[in-house]
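Take a look at the letters that make up each chain.
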Amino acid sequence: MTDERVLAAARNNAEWCDLMSRAHGVTGRFGPAVWSSDRRTPPYYPDAVTLDPAATAADVLDGIDAGPWASVKDSFAALELDGGFEVLFEASWIHREPPEDVAVPGEVGWERVEDAAVLRAWERAWSGGHDNELFLPAVLDGARVLAGRAEGEIVCGAVLSGDERVVGVSNVFAAGRDVDDAWAGVLAMAARLFPGRALVGYESDVAAAARHGFTAIGPLRVWLHEGS
């Protein structure tokens, strides 16, 4: 039987992908086995996310534009996609029991991003100085974008996207800092903003998350149809 935590993580991630897509004017659809969009989603975000390990290739491909640069998050590492699709990367879902509300050690002060100007600065820190307008202000209505500052500059960050069961952790970064500073801030802010809620997410390398109490709970794959 599939771990209920994996099901919750996959659903939460699909809801985050749906929010990011809607912020860019792309409307996805939730079916019983797959979330999908028949229009190309924003960069780094899949055109489909499987929600059930029994989802088939047809369930996925029938709901998307399966041409060049289409991408699929295979939440249970269970699909076999052909027709130009290749595995882009593999990762692990992660889970952590609800963190305690404790003070964050160190020099980084944490805040919730609440306006467009700070969001632009946050994206530049996240992307290494680039501003591609991937994170649009509409995202702030449905997720908690977190910024960690040192000497006034954004040096760490993450996104928390909660639903009725769990809180998704994504886009964790540290710019010129130890990544452990970012994970420590994530835990503290999650405890304050979503008390008593378990945390989920996915990482290609779980080492940093594991140092902060997360465990790997199941594999996933991301497939990409490369352009010809």
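Everything below is about the structure printed above this text.
Residues numbered from 1 in each chain as written. Predicted model: local features only at pLDDT ≥ 70, side-chain atom pairs only at ≥ 80, totals over all residues. Heavy atoms only, no water.

Draft legend 1. Summary view of the overall build of the protein chain. A tally of regular secondary structure across the protein chain gives five helices and eleven strands. For 228 residues, the compact-globule formula gives about 17 Å, and the C-alpha radius of gyration of the protein chain, at 17 Å, lands near that figure. With the principal axes as the frame, the protein chain shows a C-alpha extent of 50 × 40 × 25 Å. Per-residue burial over the protein chain gives 50% buried out of 228 residues. Sequence separation of at least 24 residues holds for 68% of the intrachain contacts in the protein chain that already meet a minimum separation of 6. Put simply, the protein chain shows about 10400 Å² of open surface, and 48% of that area lies on carbon and sulfur atoms. Charged side chains in the protein chain number 19 positive and 36 negative. The centres of these two groups are separated by 4 Å. (Helix = DSSP H or I, 4+ residues; strand = E, 2+ residues; numbered from the N terminus. Rg over C-alpha atoms; globule rule 2.2 N^0.38 Å. Buried < 20%, exposed > 50% of the residue type's maximum accessible area, 1.4 Å probe, protein only. Contact = heavy atoms within 4.5 Å. Areas by Shrake-Rupley, 256 points an atom, 1.4 Å probe, with all protein chains shown as cover. Lys, Arg positive; Asp, Glu negative; His and termini not counted. Charge placed at Lys NZ, Arg CZ, Asp CG, Glu CD.)

Draft legend 2. The sheet that holds strand E2 (residues 34-36), seen in detail. With respect to topology, eleven strands assemble into an open sheet ordered E1-E2-E3-E4-E11-E5-E10-E9-E8-E7-E6, the strand pairing being mixed. In this open sheet, the two strands that pair with only one neighbour each are strand E1 (29-30) and strand E6 (109-112). Both E2 and strand E3 (residues 48-50) contribute to a ladder of three bridges, which runs antiparallel. Its bridge partner being in E3, Ser36 is matched across the sheet by Ala48. Most of the contacts of helix H1 (residues 4-23) go to strand E9 (residues 166-174), to which it runs at about 65°, and overall it touches E1, E2, E3, strand E4 (71-74), strand E5 (85-96), strand E8 (153-162), E9, strand E10 (198-203) and strand E11 (215-225). Seen against the sheet, helix H4 (residues 179-193) touches E5, E6, strand E7 (144-150), E8, E9 and E10 and runs at an angle of roughly 150° to E9. (Pairing = 2+ DSSP bridges. Axes fitted to C-alpha atoms, helices over the stretch in contact; angles between N-to-C directions.)

Draft legend 3. Up close: the environment of Val206. Position of Val206 among the secondary structure elements: in the loop between E10 and helix H5 (207-210). Judged by its relative accessible area of 25%, Val206 is partly exposed. Not counting the four nearest positions on each side in its chain, Val206 is found in contact with Ser92 and Ile94.

Draft legend 4. Representation of the pattern of salt bridges within the structure. All told, the structure shown has 15 salt bridges when counted by the stated rule. Linking Glu123 and Arg120 is a salt bridge whose minimum nitrogen-to-oxygen distance equals 2.5 Å. Of this pair, Glu123 and Arg120 are both found in helix H3 (residues 116-126), three residues apart, which corresponds to roughly one turn of the helix. For Glu123, a relative accessible area of 0% puts it in the buried group. Given a relative accessible area of 14%, Arg120 falls into the buried group. Note that Asp180 and Arg211 form a salt bridge whose closest N and O atoms lie 3.1 Å from each other. A residue pair is termed long-range when its members are at least 10 positions apart, and Asp180 in helix H4 and Arg211 in the loop between H5 and E11 qualify at 31 residues. (Salt bridge = Lys/Arg side-chain N within 4 Å of Asp/Glu carboxyl O.)

Draft legend 5. Inspection of the packing of aromatic side chains at higher detail. Tallied over the entire structure, the rule returns nine aromatic pairs. Arranged with centres 5.3 Å apart and planes meeting at 65°, the rings of Trp183 and Phe214 form a pair that is edge-to-face. Separated by 31 residues along the polypeptide, Trp183 in helix H4 and Phe214 in the loop between H5 and E11 bring together distant segments of the chain. Accessibility expressed as a relative area gives 4% for Phe214, which makes it buried. Aromatic ring contacts, followed pair by pair, group Tyr44, Trp122, Trp126, Phe135 and Phe173 into a single cluster. (Phe/Tyr/Trp six-rings, centres within 6.5 Å; stacked < 30°, edge-to-face > 60°.)

Draft legend 6. Structural context of H4. Compared with an ideal rise of 1.5 Å per residue, which puts 15 residues at 21 Å, H4 spans 21 Å between its outermost C-alpha atoms and is within 8% of the ideal. Buried within H4 are the following residues: Asp180, Ala182, Trp183, Gly185, Val186, Leu187, Ala188, Met189, Ala190 and Ala191. Measuring from the backbone nitrogen of Asp180 back to the side-chain oxygen at the start of H4 gives 2.8 Å, which picks out Asp178 as the cap. (Expected span 1.5 Å × (residues − 1). Polar contact = N/O pair within 3.5 Å; in protein donor to acceptor, adjacent residues only side chain to side chain.)

Draft legend 7. Up close: the nonpolar core. Within the largest apolar cluster, 26 residues are counted, with the highest numbers of intra-cluster contacts made by Trp16, Val113, Trp122, Phe135, Val139 and Val145. Elements with a minimum of two residues in this core: H1, H3, E7 and E8. Here this core takes six residues from H1, the largest share from any one element. Grouped together as the second largest cluster of nonpolar side chains are 22 residues, Ala150, Val155, Trp183 and Leu187 included. (Core = buried A, V, L, I, M, F, W, Y, C linked by side-chain atoms within 4.5 Å.)

Keep in mind these values describe shape, not function.
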